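Summary of the model geometry
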Amino acid sequence: MGEQSWAAAPAASERARSVLATAWSCTVTADGGREEFVGAHTVTEDGRVRLRVPEDSALLAAAICAPRGEPSAVLEFADVSPVPVRNRIRARLWLAGWFVPEDGELAFRATRVVLREPSGAVVVDLDEFAAAAPDPLATAEARLLTHLADCHSDAVERLTRLVEPDSLHGAVKVQPIAVDRHGLTLRIERTRAQGDVRLPFHRPADDVAQLTERMHVLLSQAASASCPRALQRQRTDGDG
């Protein structure tokens, strides 16, 4: 695949910040309880989470009473694929630390950051986490992927020409599962299993215009592939 031989991917710190930037809900485990907050958190430029809670919240009382500086809460964020596929959770992000009441909100001080993806879990360095920025395509990813899946399924299937034959064995459906500045990830679905394949761009895309050009390059490479690899057609209503 020529220039595509490099396997660029987001660093764990960047991936973690992207999950944090796009998550709409936050699950908090503290003082023996577990509660989900929807649309109640914001994130500062250095990755600190601020949470709006009711004045009578048990979490607020626990934050006030907890010993300062001792880890007393865990925040969990889920990264969910905008395209309907099996196993839609692409990653989970956990922040351990403590809350500090501040300006009518709870400011979270993280002491540990853990990112878990299908490839495994990694502890993210706190300084790297604070210094990282979300992927520039993160907030547009849901719109981009759903448009690709809903309106350009033919293009998605053409891209399978860039996938190794072994990865397509038994495939009945392919969906775009993720995109970032470094590449596009396809979900290869089989009757009872699935796997992901990454197609890296020839250079990073810092905005949607650049992403469009990178996708055109991938499609051009797919068009010139010597051996088209069509998906199997023996599908049933229960497959995929």
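Some words on the overall build of the chain
Tallying secondary structure elements over the chain gives 7 helices and 11 strands in all. When the 240 residues of the chain are sorted by exposure, 43% land in the buried category. Counting contacts in the chain only where the partners sit at least 6 residues apart, residues at least 24 apart contribute 56% of the total. Total accessible area computed for the chain in this model is approximately 12,400 Å², and 51% of it derives from carbon and sulfur atoms.

Some thoughts on the layout of surface pockets
Looking at the largest pocket, its volume works out to about 780 Å³. Along the wall of the largest pocket there are 33 residues; nearest its centre are Arg15, Asp79, Arg90, Glu117 and Ala178. Those elements giving two or more residues to the lining of the largest pocket turn out to be helix 1 (12-22), strand 5 (73-80), strand 7 (105-117), helix 4 (141-151), strand 9 (173-180), strand 10 (183-189) and strand 11 (194-200). Of the residues forming the lining of the largest pocket, the biggest block, 5 residues, is contributed by helix 1. Of the residues that constitute the lining of the largest pocket, the class distribution is 18 nonpolar, 5 polar and 10 charged. Taken as a whole, the second largest pocket holds about 320 Å³ of empty space. Contributing to the lining of the second largest pocket are 14 residues, with His147, Leu148, His152, Thr212 and Met215 lying nearest its centre. Every element with two or more residues in the lining of the second largest pocket is listed here: helix 4 and helix 7 (208-223). For the lining of the second largest pocket, the element with the highest residue contribution is helix 7, accounting for 6 residues.

With respect to the pattern of salt bridges
Under the defined criterion, the tally for this structure stands at 15 salt bridges. Of the charged contacts in the structure, one is a salt bridge between Arg90 and Asp79, with a shortest N-O distance of 2.8 Å. With Arg90 in strand 6 (residues 89-102) and Asp79 in strand 5, the pair connects residues that are 11 residues apart, well separated along the chain. Assigned by exposure class, Arg90 and Asp79 land together as buried. Where Asp154 meets Arg158, a salt bridge forms, and the shortest distance between an N and an O atom there is 3.6 Å.

Points about the confidence of the model for the chain
Residues with a pLDDT of 70 or more make up 89% of the chain, whose mean pLDDT is 87. Within the chain, helix 3 (residues 126-131) carries the highest mean pLDDT (97), whereas helix 2 (residues 58-65) carries the lowest (78). Scored below 50 in pLDDT, residues 1-6 makes 13 contacts in the model with residues more than four places away or belonging to other chains. Confidence drops under pLDDT 50 across residues 232-240; counting only partners more than four residues distant or on other chains, this segment forms 12 contacts.

With respect to the environment of Arg192
Mapped onto the fold, Arg192 is located in the loop between strand 10 and strand 11. Sequence spacing of Arg192 and Arg86 is 106 residues, and the spatial spacing of their C-alpha atoms is 9.9 Å.

Things to note about unusual backbone geometry
Its identity as a non-glycine residue notwithstanding, Asn87 has a phi of 50°, on the positive side. With a phi close to 55°, Asp103 is a non-glycine residue in the positive phi region. Note on placement: Asp103 falls in the loop between strand 6 and strand 7.

Focus: the pairing of strand 8 (residues 120-124)
For strand 7 and strand 8, the ladder comprises 5 bridges, and the chain directions are antiparallel. Directly across from Val114, in strand 8, lies its bridge partner Val123. Taking the residues between adjacent antiparallel strands as the criterion, strand 7 and strand 8 are bridged by 2 residues.

Section: the packing of aromatic side chains
When we look at a pair of aromatic rings, we describe it by the centre distance and by the angle of the planes. In total, this model carries 1 aromatic pair according to the counting rule given. Here Phe99 and Phe108 contribute two aromatic rings whose centre-to-centre distance is 4.9 Å and whose plane-to-plane angle is 65°, an arrangement assigned as edge-to-face. The exposure classification of Phe99 matches that of Phe108, with both residues buried.

Considering helix 7
Compared with an ideal rise of 1.5 Å per residue, which puts 16 residues at 22 Å, helix 7 spans 22 Å between its outermost C-alpha atoms and is within 8% of the ideal. Turning to helix 7, its buried residues number three or more, namely Leu211, Arg214, Met215, Leu218, Gln221 and Ala222. The buried residues of helix 7 all sit within an arc of 120° when viewed along its axis, so they share a single face. Every exposed residue of helix 7 that faces more than 90 degrees away from the buried side is listed here: Ala209 and Ala223.

Cut-offs used in this document
Position numbers for residues start from 1 in each chain and track the written sequence from start to end. Totals for whole chains, interfaces and linings use every residue, but because this is a predicted model, local features are given only for residues with pLDDT of at least 70 and side-chain atom pairs only at 80 or more, for both listing and counting. Side-chain numbers here rest on the full set of heavy atoms in the structure, without hydrogens or water. Each helix is a run of H or I in the DSSP string that is no shorter than four residues. Each strand is a run of E no shorter than two, and both are numbered from the N terminus. Using a 1.4 Å probe on the protein chains alone, a residue whose accessible area is under 20% of its type maximum counts as buried, one over 50% counts as exposed, and one in between counts as partly exposed. Should any heavy atoms of two residues lie within 4.5 Å, those residues are counted as being in contact. Calculation of accessible area relied on Shrake-Rupley with a 1.4 Å probe; when residues are assessed, cover is drawn exclusively from the protein chains displayed. Lining residues are defined by having an atom within 4 Å of a point belonging to a cavity or pocket. Those points lie on a 1 Å grid over the protein atoms alone, cavities being sets where a 1.4 Å probe fits but cannot get out and pockets being open sets with protein on both sides within 12 Å along at least five of seven lines. Grid points are joined across faces, edges and corners, and a volume is the space filled by probe spheres set on the points. By the convention adopted, Pro, Cys, Tyr, Trp, Phe, Met, Ile, Leu, Val and Ala count as nonpolar, Lys, Arg, Asp and Glu as charged, and the other residues, Gly among them, as polar. Whenever Lys or Arg places a side-chain nitrogen within 4 Å of a carboxyl oxygen from Asp or Glu, that contact is recorded as a salt bridge. You can read pLDDT as the predictor saying how much it trusts each residue, on a scale of 0 to 100. Should DSSP find at least two bridges between two strands, the strands are taken to pair. Think of it this way: a Phe, Tyr or Trp ring, Trp meaning its six-membered ring, pairs with another when their centres are within 6.5 Å, and the plane angle makes it stacked under 30 degrees, edge-to-face over 60, tilted otherwise. How far a helix is expected to stretch is found by multiplying one less than its residue total by 1.5 Å. This arc corresponds to the set of directions leading from the helix axis out to the C-beta atoms.

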